[in-house]
Protein chains: 2
Amino acid sequence: MNSSAPLPETAFLRPDGSNREAIAAVAQLALEQLLNLGSQADQRSPVPTWQGSERHVGIPAQSVPLPDLLQQLEPLLAQAMNPANPGYLGHMDPVASTASVIGDAIAALLNNNLLSVEMSPSFSRLETAVLRELAQRFGLGDEAGGLLLSGGSLANLQAIALARNWALQVQETGLAGLTQRPILFASEAAHTSIQKAAMLLGLGSQAVIPIATDRRGRMQVAALTEAIASARRQGQRPFCLVATAGTTVTGSIDPLPELSAIARTEGLWFHVDASYGGAVIFSPRYAHKLQGIEQANSVTFNPQKWLCVAKTSASLLLRDWSLLTEHFRIAAPYMGEADDLINLGEVSVQGTRPADILKLWLTLQHFGDRGCAALVEHGLRLCRCFVAELRQRPQIQVATPPDLNILCFRLASDRLTAELQQFLLDRYFFLSLPRFRDRLWLKAVLVNPFTTPEHIRQLFGAIDAFCRDRQIQPDPQSQDNEITYSQSL
Amino acid sequence: MNSSAPLPETAFLRPDGSNREAIAAVAQLALEQLLNLGSQADQRSPVPTWQGSERHVGIPAQSVPLPDLLQQLEPLLAQAMNPANPGYLGHMDPVASTASVIGDAIAALLNNNLLSVEMSPSFSRLETAVLRELAQRFGLGDEAGGLLLSGGSLANLQAIALARNWALQVQETGLAGLTQRPILFASEAAHTSIQKAAMLLGLGSQAVIPIATDRRGRMQVAALTEAIASARRQGQRPFCLVATAGTTVTGSIDPLPELSAIARTEGLWFHVDASYGGAVIFSPRYAHKLQGIEQANSVTFNPQKWLCVAKTSASLLLRDWSLLTEHFRIAAPYMGEADDLINLGEVSVQGTRPADILKLWLTLQHFGDRGCAALVEHGLRLCRCFVAELRQRPQIQVATPPDLNILCFRLASDRLTAELQQFLLDRYFFLSLPRFRDRLWLKAVLVNPFTTPEHIRQLFGAIDAFCRDRQIQPDPQSQDNEITYSQSL
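Here the structure is a predicted model, which means the values were calculated and not measured.

1. A short note on the packing of helix H3 (residues 98-110) of chain B against helix H10 (residues 357-391) of chain B
Residues and elements named next belong to chain B. Close contact between H3 and H10 brings their axes to 8 Å; oriented N to C, the two are set at 150°. One element, H3, and the other, H10, form an angle in the roughly antiparallel class. Classified by chirality, the crossing of H10 by H3 is right-handed. Contact residues: Ala99, Ser100, Ile102, Gly103, Asp104, Ile106 and Ala107 in H3; Leu358, Lys359, Leu362, Thr363 and His366 in H10. Looking at the contact of H3 with H10 residue by residue, the classes come out as six nonpolar, four polar and two charged.

2. Focus: the relation of the copies chain A and chain B
After a rotation of 180° and a shift along the axis of 0.0 Å, chain A superposes on chain B with an RMSD of 0.0 Å. In the structure described here, the two chain copies are related by an operation that fits a two-fold rotation axis. Looking at the interface residues of chain A, 100% of them are also at the interface in chain B, so both copies use one shared face.

3. Quick word on unusual backbone geometry
The phi torsion of most residues other than glycine is negative, and most of the peptide bonds are trans. All names here are of chain A. In this structure, the amide linkage connecting lysine 311 to the following residue, threonine 312, adopts the cis form with an omega of -5°. Positionally, threonine 312 belongs in the loop between strand E6 (298-301) and strand E7 (314-318). The phi angle at cysteine 308 is positive, at roughly 65°, despite the residue not being glycine. One can find cysteine 308 in the loop between E6 and E7. Taking relative accessible area as the criterion, cysteine 308 reaches 0% and is therefore assigned buried.

4. Considering the sheet that holds strand E9 (residues 406-410) of chain A
Residue and element names in this part refer to chain A. Judged by pairing direction, the sheet is antiparallel, and its three strands sit side by side in the order E8-E9-E12 without closing on themselves. Of all strands in the sheet, those bounded by a partner on one side alone are strand E8 (397-398) and strand E12 (442-445). Where E9 meets E12, four bridges bridge the pair, whose relative direction is antiparallel. The residue of E12 that forms the bridge with cysteine 408 is lysine 443.

5. What to know about the interface of chain A and chain B
The interface is formed by 170 residues belonging to chain A together with 170 residues belonging to chain B. For the pair chain A and chain B, the summed buried surface comes to about 14200 Å²; carbon and sulfur atoms form 65% of the total. Where chain A meets chain B, there are two salt bridges. The interface formed by chain A and chain B contains 76 residue pairs in polar contact (both at pLDDT 80 or more). Among the elements of the structure, helix H1 (20-38), helix H2 (66-78), helix H3 (98-110), helix H4 (121-137), helix H5 (152-168), helix H6 (192-200) and helix H10 (357-391) of chain A are those that each provide at least two residues to the side of chain A that touches chain B. If one sorts the elements of the side of chain A that touches chain B by residue count, H10 of chain A sits on top with 15 residues. Residue composition of the side of chain A that touches chain B, by class: 93 nonpolar, 54 polar and 23 charged.

6. Section: the domain arrangement of chain A
All names here are of chain A. Split into domains, chain A comes out as domain 1 (20-82), domain 2 (105-364) and domain 3 (374-479). Computed over C-alpha atoms, the centres of domain 1 and domain 3 are 33 Å apart. Contacts between the two partners involve six residues from domain 1, matched on the other side by four residues from domain 3. Three residues, Ser45, Pro46 and Val47, lead the burial of domain 1 against domain 3; their summed loss comes to 79% of the area buried on that side.

7. Looking at the pairing of strand E3 (residues 208-211) of chain B
All names here are of chain B. Two elements, strand E2 (residues 182-187) and E3, share four bridges in a ladder whose sense is parallel. Considered in E3, the bridge of leucine 184 is made with valine 208. Taking the sense of rotation as the criterion, the β-α-β connection linking E2, helix H6 (residues 192-200) and E3 turns out right-handed.

What counts as what
Residues numbered from 1 in each chain as written. Chains lettered and ligands numbered in written order. Predicted model: local features only at pLDDT ≥ 70, side-chain atom pairs only at ≥ 80, totals over all residues. Heavy atoms only, no water. Axes fitted to C-alpha atoms, helices over the stretch in contact; angles between N-to-C directions. Helix = DSSP H or I, 4+ residues; strand = E, 2+ residues; numbered from the N terminus. Parallel < 35°, antiparallel > 145°, perpendicular 65-115°, else oblique. Left-handed = near helix turned anticlockwise from the far one by under 90°. Contact = heavy atoms within 4.5 Å. Nonpolar A, V, L, I, M, F, W, Y, C, P; charged D, E, K, R; others polar. Least-squares fit on C-alpha atoms with pLDDT ≥ 70 in both. Buried < 20%, exposed > 50% of the residue type's maximum accessible area, 1.4 Å probe, protein only. Pairing = 2+ DSSP bridges. Buried area = accessible area lost by both parts, 1.4 Å probe. Salt bridge = Lys/Arg side-chain N within 4 Å of Asp/Glu carboxyl O. Polar contact = N/O pair within 3.5 Å; in protein donor to acceptor, adjacent residues only side chain to side chain. Domains from an automatic or database assignment. Right-handed = clockwise from strand over helix to strand, strands pointing away.

Structure representation (structure tokens):
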């Protein structure tokens, strides 16, 4: 751009370095703001109450200087979700690793594109190598590989798309005119992205046959075999079984060995949605919880959850990477080609994609295997503390004994449970309020690296204060609390 | 985490600020590295030749310190695509705005989730407000709205999914059993993401009926009406017309007013893929090129291209925002709800999504309307320079006269054209080498803010040197170069 152009001096870092100092100055300002924000996170609510904003967001005619913009941002940043507060326990959304923030800044500055090797020579290769290693970590074997996607919903979408194309050969010709209705199976507690995928893929959201769960929130094997048989009798075409390793509401893990055996017998693609629970693979102590996942045809695993890589960091891992070429690829002849690597945009539901691999690689390297294991084990240790507190309070009902580090509990009514949520939030403890089995529950996801057993005790102190205040007595229905927990952890 | 845990001191910025100085130190290091990298971009090739890497990418057992990791990254960063080099002209992939890099760093640190209002109280609202303003900027009216998606392929996917659900009511029941085959129309030059969307959506990639283009690369209206009539005669079910405003290879703009009229008459959803060309709306001088886009039911527009917002920044803009609730939404009862806003993850192909709105908002504010217009007008000015150079060289064939700022040209053979690409790359000019109408072309996308008319003259100087070296004579077939350009710009 010539110098009379109405773009501000700081619009871009110039490739000849001629405005380096001006850029360095605003970057310093932004960095200070971020450090201030992050290092006072315990003084802001985990979920600030939205105070509204009268600011006009319209695009101005003239440039607004970056320092002014950073100042204008302040109220928005202060009212953002604040997962770094030790009382943030509500969702599978932790604070981001330092390495993530650095990785995202690098990725943004370089602005490479994982669409093709030409547009990301080093990062396409890094992603391919790291994802292959991850896939092998899950035991998927020598032909395995994977790719990053912008969120777990997309990973599940791509997995089921591949399963559908592999089973039905409909890549070019589509589903209209099929006489047998293609269906898939997932537990009633599976994530809604499975239904969304079925809707998108032209199967229809009703093509996901929900299988009943047991009292631990795990898919019932007998109900599954019955559902498959029933579908076949009705002339439907089962093609895929989705197991969940860490359900959204209770963190339950479906019985993977039994389900993989059924999938094999029935000729179904076996997909494991381990978006959340997959992290457990890093803990030598707890990896056995994922036994059977090594039989999967595909696995969704999201480092953006338990491993604290900044959003988005989600992956699809495949037992046979080459299937993507055969059953998914849409060639894009406007891109250069490499000898050693396929253009990733041709085999992904996405095209243009940033170098999300940077924050994943940096985080894995900076945490190391032992750091990843420590995060997992920290979550499970917090869960044991949580369970110990719950056992002492028979007025509290529990949804399921925990398979991982997620606990749902409630008081005698939806109203009281919702009131307790607000009471706790006023004290800087955020638990979410999902609907499960037709009731509201308080959900704690014990994934926050700053939460300590002491915080858990304080949380239960607050719950006790609420119960005293409302004169809540032990619930006679909850007498089986001991039994509820007997198989836990 | 307790202090004996094997996570490094710098794993996270602690919410009590107790490790602020350690984090500030590594952040400074990373910032210096980024500034060094960016301010010497003109000394690195626009597309470095991949030198291989013997580094082991495996996950280490123990933590690697961040300073060491930043050093290990050096060769990967040095071999990344380098769109900041003034000679980078090959793709729609520009350098990222300063505001983008800052926005992405903020988004990563806060790690909010656009999945639900509860997980991004301020950013869900900011996105909704800014996207509504953008939709109205395109003339889509009072009921319009939009959402960001992680890339234009996803925006096109969601647009066609909505069109399909709206036309065929297949959201729950799917496509199997439909007796009429649903089809859509797009020009033969439309982006491959349209075929990918059709494949994903269960329509089959063959459901996209390619319509012939004229010598300017624009969809032929007569061919379209004929194709629609023919499809109806064959008992197929046309439901959508996709126009392109800025095709991938030649930047051509389909005749939007005529196409919108046909879509209305035929009862088709009218989607405009303005991923690239949409930016022109910001230039009072050139916005007329998009005339007719205000008739669209949906528009894909990617600020990540001409407006230089870091990847990903892609949007889907809808004339009637409420259609998403009726024809797309998959409810997710595990999230909190807000009174004033729908949870965006329920109406998007994505679930978890970062606050990409930050970098878009910061960039639009920092550039202002006039800065955005300046970027557009800079690109078109460069294009006129480019055309002036081409006119003087009858040995060069041109694919189409430019509608925007993209030019494809070639020498007498594919081989010579490919050799010229390498010759130019050795001199730090990168043009890509797409296949178009069965031949290879050199493609220049004149979107780089650092490219000047002087660079264009240098580029043609290099082309002249190549032609002298190879003794290339004027091509007698190219005698109509004057005619080719007569209607340009």
